[in-house]
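Residues per chain are reported as follows:
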Amino acid sequence: MPRPAVFSNRDFNLYWAGVVLSQIGTRGTVAANYFHVYALTDSIAYTGLVGAGQAIALLLLSPLGGALADRYDRRRLLQGAQAVALVVALALTVVTLSGAVEAWHVIVSVLFTTAAATFDQPARQALIPALVGRKHIGEAIALLNPSREVAVLVGPLLAGLLIAVGGPGLMYLVDVVTYAVLVVVLAFIRTPRLVSDKAPPTSIFGSIAEGARYVVRRPLITSLMGLDLSATVLSAYRVLLPAIATDVLAVGATGYGVLSSAPSAGALLATYTIFRVVRDSRRQGRILLTATFLYGIAAIGLAQAPVIWLAVGAALLVGAFDAMATTIRHAAVQIDTPDEIRGRVTAFYQMSSRGGPAIGDVVMGAFAGVVGPVVALTVGGVGPMLVALGFWSRPNVVRNYEGVVEEESPVEPVAPPDARPLAGETRKPT
């Protein structure tokens with residue numbers, strides 16, 4: 001396969017490397033949060049409150065984060081959000097290593113870290129088209145998503161090892177370092193200024209309302225949000241992994257790290273296929289629905305696995321099918337959205353893509369507290385299968401989605417890096 005064109009972009013390469021390193025710390029900390037709360041409380045339902053902290057921040061602040069991403073320098077906004085998350089991670093590190101930590105400390109840290117991420121994610125996603133251009137959005141996302149999976153693979157493995165050696169505090173300390181690295185890397189990234197033919201609304205609330213109207217009027221985006229929620233809420237498996245590893249499979253912290261990392265390993269193994277699909281296929285909607293259906297089957301397999309190696313195999317498939325579906329959904333939203341409103345649309349979309357798993361943690365944690373993790377995940381796996389079949393049963397924008405069409409809207413060519421204005425410069429008046 002020829003070298004992807006986006007690799008010739010110096011700013012994209014810097015951005016990519018910094019995000020991967022930061023995500024390793026973030027994903028390792030998320031895995032440590034789940035294990036830490038379960039170890040402190042011995043309660044799946046209480047562990048689900050980790051997701052509650054995420055959901056509250058996402059649902060309340062995402063629209064504001066998107067509006068700011070369309071008004072201000074996205075690179076600076078991302079840098080500021082990372083700095084806030086760094087401070088939160090440092091506070092949790094100190095209270096954990098001091099031995100004074102309680103479960104509510106972890107949940108509050110999740111709340112504040114996710115609050116920072118609600119400003120981080122819209123800026124992060126909206127920055128990609130500015131770095132690579134519309135033509136290469138699909139390729140860039142197809143490369144960034146596997147990179148995210150590298151982080152979700154390495155992060156939980158690292159968390160499992162560090163927890164076994166010295167407890168969750170060591171993982172939290174690594175998270176502090178990775179945040180600091182991305183803050184520095186972002187200072188060296190150059191992005192073109194945002195140019196729009198349309199003046200932004202004068203108020204933040206008007207800006208948010210404009211983004212909401214755009215989402216509501218785009219059936220492709222709203223349908224993708226519904227499809228996303230069916231998988232992430234009904235089959236939220238990560239909140240159940242501490243109990244599955246500890247009580248069902250009896251493999252301890254190290255086994256938990258392996259099991260938590262397996263979905264990302266599956267996503268990485270599927271990278272080549274995913275990249276070819278988003279670049280070449282014109283049947284992406286049908287592939288998306290098939291991947292969603294198979295994701296549900298794989299989740300049921302993970303729930304029913306009697307031994308660790310079968311559970312890891314099922315988790316590999318969960319990750320592969322999830323990565324295929326996620327890449328197509330995210331690329332479709334970015335392609336379907338003009339740049340001047342992309343931050344707001346991304347923010348509303350993340351209410352399903354990131355808020356869904358957070359809500360799913362609460363729902364599945366409470367459900368598993370009653371019926372146990374095996375039954376809860378088995379029942380949950382049926383949900384995305386039924387929703388995917390519903391989309392398959394009749395013509396609709398998701399089933400008919402093809403990907404990037406050959407005819408593209410004219411775009412102003414991006415100037416060479418040396419000629420581009422720095423991100424901190426004033427934007428062009430409209």
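Residues numbered from 1 in each chain as written. Predicted model: local features only at pLDDT ≥ 70, side-chain atom pairs only at ≥ 80, totals over all residues. Heavy atoms only, no water.

1. As for the overall build of the protein chain
Where we set the bar: Think of it this way: any DSSP run of H or I at least four residues long counts as a helix, any run of E at least two long counts as a strand, and we number them from the N terminus. Burial here depends on accessible area, computed with a 1.4 Å probe over protein chains only, as a share of the maximum for the residue type. Under 20% is buried, over 50% is exposed, and the range in between is partly exposed. A 1.4 Å probe and the Shrake-Rupley method give the accessible areas. Residues count as covered only by the protein chains that appear here.
For the protein chain, the count of helices and strands is 17 helices and zero strands. Counting over 430 residues, the protein chain shows a buried share of 58%. Total accessible area on the protein chain is roughly 17,100 Å²; 68% of this is exposed by carbon and sulfur atoms.

2. Here's the deal with helix α16 (residues 355–371)
Which entries qualify depends on this criterion: Here the expected length of a helix is defined as 1.5 Å per residue gap, with one fewer gap than residues.
Taking 1.5 Å per residue as the helical rise, α16 with its 17 residues ought to reach 24 Å, and the 24 Å between its terminal C-alpha atoms agrees with that figure. Gly355, Gly356, Ala358, Gly360, Asp361, Met364, Gly365 and Ala368 are the residues of α16 that are buried. Where α16 terminates, the next one or two residues include Gly372, which has phi positive at roughly 95°.

3. Observations concerning the side chain of Asp175
To keep things clear, this is the line we draw: Note on contacts: a residue pair is in contact if any heavy atoms of the two residues lie within 4.5 Å.
Within the element layout of this structure, Asp175 appears in helix α7 (residues 168–186). The exposure class assigned to Asp175 is buried, which follows from its relative accessible area of 3%. Not counting chain neighbours up to four residues away, the residues in contact with Asp175 comprise Ser22, Gly25, Thr26, Thr29 and Ala89.

4. Some thoughts on the side chain of Thr93
Within the secondary structure layout, Thr93 lies in helix α4 (residues 74–97). Take Thr93: its relative accessible area is 3%, and that puts it in the buried class.

5. Points about the packing of helix α9 (residues 219–234) against helix α15 (residues 342–353)
For the record, the criterion: A fitted line through C-alpha atoms serves as each axis, taken over the contacting stretch for helices, and the angle formed by two N-to-C directions is quoted from 0 to 180°. Each angle receives one of four descriptions, namely roughly parallel if under 35 degrees, roughly antiparallel if over 145, roughly perpendicular if within 65 to 115, and oblique otherwise. Here the nonpolar group is Ala, Val, Leu, Ile, Met, Phe, Trp, Tyr, Cys and Pro; Asp, Glu, Lys and Arg are the charged ones; every other residue, Gly included, is treated as polar.
Two numbers describe how α9 lies on α15: the axes approach to 8 Å, and their chain directions differ by 25°. Considering their axes alone, α9 and α15 lie roughly parallel with respect to each other. Of the residues in α15, those touching α9 at Ile221, Leu224, Met225, Asp228, Leu229 and Thr232 are Val345, Phe348, Tyr349, Ser352 and Ser353. Among the residues forming the contact of α9 with α15, the class breakdown is seven nonpolar, three polar and one charged.

6. Digging into the packing of aromatic side chains
Quick reminder of the rule: In summary, the pairing rule links any two rings of Phe, Tyr or Trp, Trp by its six-membered ring, whose centres are within 6.5 Å, and it sorts them by plane angle into stacked for under 30 degrees, edge-to-face for over 60 and tilted for everything else.
Tallying each qualifying case throughout the model produces one aromatic pair. On the basis of an interplanar angle of 35° and a centroid distance of 5.3 Å, the ring pair of Phe35 and Tyr256 is categorised as tilted. Highlighted residues: Phe35 in helix α1 (residues 10–41) and Tyr256 in helix α11 (residues 252–269), separated in sequence by 221 residues. Each member of the pair Phe35 and Tyr256 is classed as buried.

7. Details of unusual backbone geometry
Even without being a glycine, Asp42 presents a positive backbone phi close to 55°. As for its placement among the helices and strands, Asp42 is situated in the loop between α1 and α2 (44–47). In the Ramachandran plot, Ala250 falls in the positive-phi region, its phi being about 55° despite a non-glycine side chain.

8. Focus: the packing of helix α13 (residues 284–304) against helix α14 (residues 308–335)
Counted only if it meets this: In a left-handed crossing the near helix is turned counterclockwise from the far helix by less than a right angle, and in a right-handed crossing that turn is clockwise.
Interhelical geometry of α13 versus α14 gives an angle of 155° and a closest axis separation of 8 Å. Classified by the angle their axes make, α13 and α14 are roughly antiparallel. Handedness of the α13/α14 crossing: left-handed. Listed contacts from α14 to Gln284, Ile287, Leu288, Ala291, Thr292, Leu294, Tyr295, Ala298, Ala299, Gly301 and Leu302 of α13 are Ala311, Ala314, Ala315, Leu317, Val318, Phe321, Asp322, Met324, Ala325, Ile328 and Arg329.

9. With respect to helix α17 (residues 373–392)
Over its 20 residues, α17 runs 30 Å from end to end, which matches the ideal 28 Å to within 8%, given 1.5 Å per residue. By the burial criterion, the buried members of α17 are Pro373, Ala376, Leu377, Thr378, Gly380, Gly381, Gly383, Pro384, Met385, Ala388 and Phe391. On its buried face, α17 is in contact with α2, α9, α10 (241–248), α13 and α16.

10. As for the environment of Leu92
Within the secondary structure, Leu92 sits in helix α4. Residues Leu92 and Leu173 lie 81 residues apart in sequence; the distance between their C-alpha atoms is 8.8 Å. Setting aside its immediate chain neighbours within four residues, Leu92 contacts Asn33, His105, Val106, Ser109 and Tyr172.

11. Concerning the environment of Gly285
As for its placement among the helices and strands, Gly285 is situated in helix α13. For Gly285, a relative accessible area of 0% translates into the label buried. The contact partners of Gly285, leaving out residues within four places of it in the chain, are Val398, Arg399 and Tyr401.

12. Considering the nonpolar core
Test applied: As used here, the term nonpolar core means buried Ala, Val, Leu, Ile, Met, Phe, Trp, Tyr and Cys residues forming a set that is joined through side-chain atoms within 4.5 Å.
Core analysis: the largest hydrophobic core is formed by 49 residues, its most contacted members being Leu240, Leu259, Leu302 and Leu377. Looking at this core element by element, the count peaks at six residues for α1. In this structure Leu377 touches Ser235, Ala236, Tyr237, Leu240, Ala299, Leu302, Ala303 and Met364, once residues within four positions along its chain are discounted. With 32 residues, the next largest nonpolar core counts Ala67, Ala270, Ala320 and Ile335 among its residues.

13. As for a nonpolar patch on the surface
Where we set the bar: A patch consists of residues exposed above 30% relative accessible area that lack any salt bridge, with like charges linked at up to 9 Å and nonpolar side chains (Val, Leu, Ile, Met, Phe, Trp, Tyr) linked at up to 5 Å. Within this document, salt bridges are pairs made up of a side-chain nitrogen of Lys or Arg and a carboxyl oxygen of Asp or Glu, the two lying within 4 Å of each other.
On the surface, Tyr46, Leu49, Trp104, Val108 and Phe112 cluster together into a nonpolar patch covering about 450 Å² of accessible area. By the secondary structure assignment, Tyr46 is in helix α2. For Tyr46, a relative accessible area of 30% puts it in the partly exposed group.

14. Concerning the confidence of the model for the protein chain
Defined as follows: pLDDT is defined as a per-residue confidence score from the predictor, taking values between 0 and 100.
Residues of the protein chain with pLDDT of at least 70 account for 80%, and the chain-wide mean is 79. This model gives residues 405–430 a pLDDT under 50, and the stretch forms 36 contacts once residues within four places in sequence are excluded.

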